[in-house]
Amino acid sequence: MSKAYVFTRNGGPEVEALVDRDRPVPGPGELLVAVRVAGVNPVDWKLRTGYSRPGSEPQPFPTVLGSEAAGVVEAVGPGVEGFAVGDEVFGNPVTGGYAEHTLLPVAVTAHKPAGLSFTDAAVLPVAAATAYDGVQQLGLAPGATLLVTGAGGGVGTAALQIARHAGVHVIGAASAAKKDFVESLGAVHVASGAGLADRVRAAAPDGIDAVFDLVGGDTLREAATLLDDPAKLISAGGKQLAAELGGAPVERARTAAVLDAVADLVVAGVLRTHVTRTFPLAGAGEALRAVEDGHALGKSVIEVTA
């Protein structure tokens, strides 16, 4: 048997539970991985409440939480090439990351470099990869100015660093409590909340060239007014609204190549993951609450000991 943290139906925290389950069996193109560390993301609690990714099929209950994990390969499924038992890997699990064992599809799994810790690797497949995809999608030239909303969270902190590495000037919108943190990443901090557009104009009197939104709602609406070209608006926080405003959702590549790219950035010292809180598997509920309340700084992870 293998322990996993699941939700038994759609709802709030009351539907979560730590359970014993049979160890998953890898199918074609899959790896059975003993999880060492799992990342915690807002999409985890959103899926619990009933949100479904576009094109995905409903999962049977109980559903294991967690969208990113790093660990060691224990078995390989039919047709798998390039991976072997004992390999250290990270990626997007198909059977949840908050677990002692999970299945990783090789299409979105990468080998963990020796210079990358399991903790850092576990927080790359969702947050850092989303940030990387978004910055690539915008295609800004060096010297351009980018506004990132929700700059203090996992995706935001990665986006600030990746854009800065590309020579882009970055303005990070976050709460006042996160000012020092945002500025430590080389960005200009502006306070989030009502009046955001005026504060951004004051911080960037020559205007901004693009918006990478991670909040949605009124923040997204206000940020959109700062752009002359609405096509330079992308969002992971309000995808439908972004499209209505003339922008687009962040286009996720979801490939092993992107995982390799962000891992290389971490190993090179360009990208810091900023894992700020660590929880045991038995404390997965507390880890999820830390992200669900919307005030998390950086990334939270779950360390798994089988």
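Placed above this text is the structure.
Asks: Give a description of the pairing of strand β16 (residues 299-303) that names residues and reports values.
Replies: Counting buried positions over the five residues of β16 gives four, a clear majority of the element. In this structure, strand β3 (residues 30-40) lies alongside β16, joined through four bridges in antiparallel fashion. Its bridge partner lying in β16, V40 is registered against S300. In the sheet, strand β15 (residues 275-280) pairs with β16 via five bridges, with the strands oriented parallel. Considered in β16, the bridge of R277 is made with S300.

Asks: An account of the packing of helix α3 (residues 124-138) against helix α4 (residues 154-165) is requested, with residue identities and associated values reported.
Replies: Two numbers describe how α3 lies on α4: the axes approach to 8 Å, and their chain directions differ by 45°. Overall, the two elements α3 and α4 adopt an arrangement that is oblique. Taken as a pair, α3 and α4 cross one another with a handedness that is right-handed. In contact with A127, A128, T130, A131, Y132 and V135 of α3, α4 contributes G154, V155, A158, A159, I162 and A163. Classifying every residue of the contact of α3 with α4 gives ten nonpolar, two polar and no charged.

Asks: Give me the lowdown on the pairing of strand β9 (residues 145-149), citing residues and values where you can.
Replies: Burial analysis of β9 places five of its five residues in the buried class, which makes it a mostly covered element. Alternating positions in β9 separate into two faces, T145, L147 and T149 on one and L146 and V148 on the other, with burial throughout. Sheet topology note: the β9/strand β10 (residues 169-174) ladder contains five bridges and is parallel. Bridging from a neighbouring strand, T149 pairs with A173 of β10.

What counts as what
Residues numbered from 1 in each chain as written. Predicted model: local features only at pLDDT ≥ 70, side-chain atom pairs only at ≥ 80, totals over all residues. Heavy atoms only, no water. Buried < 20%, exposed > 50% of the residue type's maximum accessible area, 1.4 Å probe, protein only. Helix = DSSP H or I, 4+ residues; strand = E, 2+ residues; numbered from the N terminus. Pairing = 2+ DSSP bridges. Axes fitted to C-alpha atoms, helices over the stretch in contact; angles between N-to-C directions. Parallel < 35°, antiparallel > 145°, perpendicular 65-115°, else oblique. Left-handed = near helix turned anticlockwise from the far one by under 90°. Contact = heavy atoms within 4.5 Å. Nonpolar A, V, L, I, M, F, W, Y, C, P; charged D, E, K, R; others polar.

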